[in-house]
Amino acid sequence: MKLDPIFTIKNHQLYKISDNSPFSTSDLKQIEIAWSTVELAEDSYNEEFLAKLRDELKSMEAAGNFAVLVPVVDKSLENAEQVEAFINAFNHTARRVKDCESVAGFVLPPQVVSKGFAPDSPAADFMETLAIKHAQYVYFVKAGTLQESDIPDNISLI
């Protein structure tokens, strides 16, 4: 099930697609999700946690509220295999909440954006992997993580 996008980003600003109105990122609930909570062991995911997350997001959807998922890097993220495991864990998370219209997108952690946004960078790989089945998501970077001039226009500050 693919959802139509609700939001878009232009020049680092979040907009609702339905009426092209600006949408304040302060109106998004930030839900932090520790990588170790999602991925219990290599390729083994915490389905109970993800089911509860889906229930929370569905409740928000019913109330007309929106959230952004904030991956928390709490494991080593120093080599290509670890980056791939991280991306796979949050791609799996996206699959489990794929029908939740309340999810605006993901915040890219500092450890992921620290290498920039060039093709084949961890940030580009994260967004490209999720976009295969979850093209409706938009992406955010926490203010102060990078210079605004280093952030592509299609990513919003939060």
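This section reports on the structure supplied with the text. Source: prediction; values computed, not measured.

Of all seven residues in strand β7 (residues 66–72), six are buried, a share of seventy percent or more. Sheet topology places strand β4 (residues 28–34) next to β7; seven bridges connect them, and they run parallel. Each residue of the ladder has a partner; that of Ala34, found in β7, is Val72. Looking at chain direction, β7 and strand β8 (residues 103–107) are connected through three bridges and run parallel. When the sheet's bridge partners are listed, Val68 is paired in β8 with Gly105.

Positive phi, close to 70°, is recorded for His12, a residue that is not glycine. A relative accessible area of 9% means that His12 is categorised as buried.

Moving on: a negative patch on the surface. On the surface, Glu42, Asp43, Glu81 and Glu84 cluster together into a patch of negative charge. For Glu84, the location among the structural elements is in helix α3 (residues 80–96).

Looking now at the sheet that holds strand β1 (residues 7–10). If you walk across this open sheet you meet the three strands as β1-β2-β3, and the pairing is antiparallel. The open sheet has two free edges, formed respectively by β1 and β3 (21–22), since each of these has just one partner strand. Pairing of strand β2 (residues 13–16) with β3 involves two bridges; the strand directions are antiparallel. The residue bridging Tyr15 from the neighbouring strand is Pro22, located in β3.

Residue alternation in strand β9 (residues 138–141) divides its side chains into two sets, Val138 and Phe140 and Tyr139 and Val141, and both sets are buried. Pairing geometry for β8 and β9, over three bridges, is parallel. Bridging from a neighbouring strand, Phe106 pairs with Tyr139 of β9. Bridge count for β9 against strand β10 (residues 155–157) is three bridges, and the pairing is parallel. Its bridge partner being in β10, Tyr139 is matched across the sheet by Ile155.

Below, the discussion takes up the packing of aromatic side chains. Remark: the centre distance and the inter-plane angle together describe each pair of aromatic rings, the angle taken between the planes. What the rule picks out here adds up to nine aromatic pairs. Considering the side-chain rings of Phe86 and Phe90, the 5.0 Å spacing of their centres and the 50° angle between planes classify their relative orientation as tilted. In this pair, Phe86 and Phe90 are both assigned in helix α3, four residues apart and thus about one turn of the helix distant. What makes Phe90 buried here is its relative accessible area of 0%. Seen from their ring centres, Phe106 and Tyr137 are 5.4 Å apart, and the 75° between their planes marks the pair as edge-to-face.

Criteria and cut-off values
Residues numbered from 1 in each chain as written. Predicted model: local features only at pLDDT ≥ 70, side-chain atom pairs only at ≥ 80, totals over all residues. Heavy atoms only, no water. Buried < 20%, exposed > 50% of the residue type's maximum accessible area, 1.4 Å probe, protein only. Helix = DSSP H or I, 4+ residues; strand = E, 2+ residues; numbered from the N terminus. Pairing = 2+ DSSP bridges. Patch = residues over 30% accessible without salt bridge, like charges linked within 9 Å, V, L, I, M, F, W, Y side chains within 5 Å. Areas by Shrake-Rupley, 256 points an atom, 1.4 Å probe, with all protein chains shown as cover. Salt bridge = Lys/Arg side-chain N within 4 Å of Asp/Glu carboxyl O. Lys, Arg positive; Asp, Glu negative; His and termini not counted. Charge placed at Lys NZ, Arg CZ, Asp CG, Glu CD. Phe/Tyr/Trp six-rings, centres within 6.5 Å; stacked < 30°, edge-to-face > 60°.

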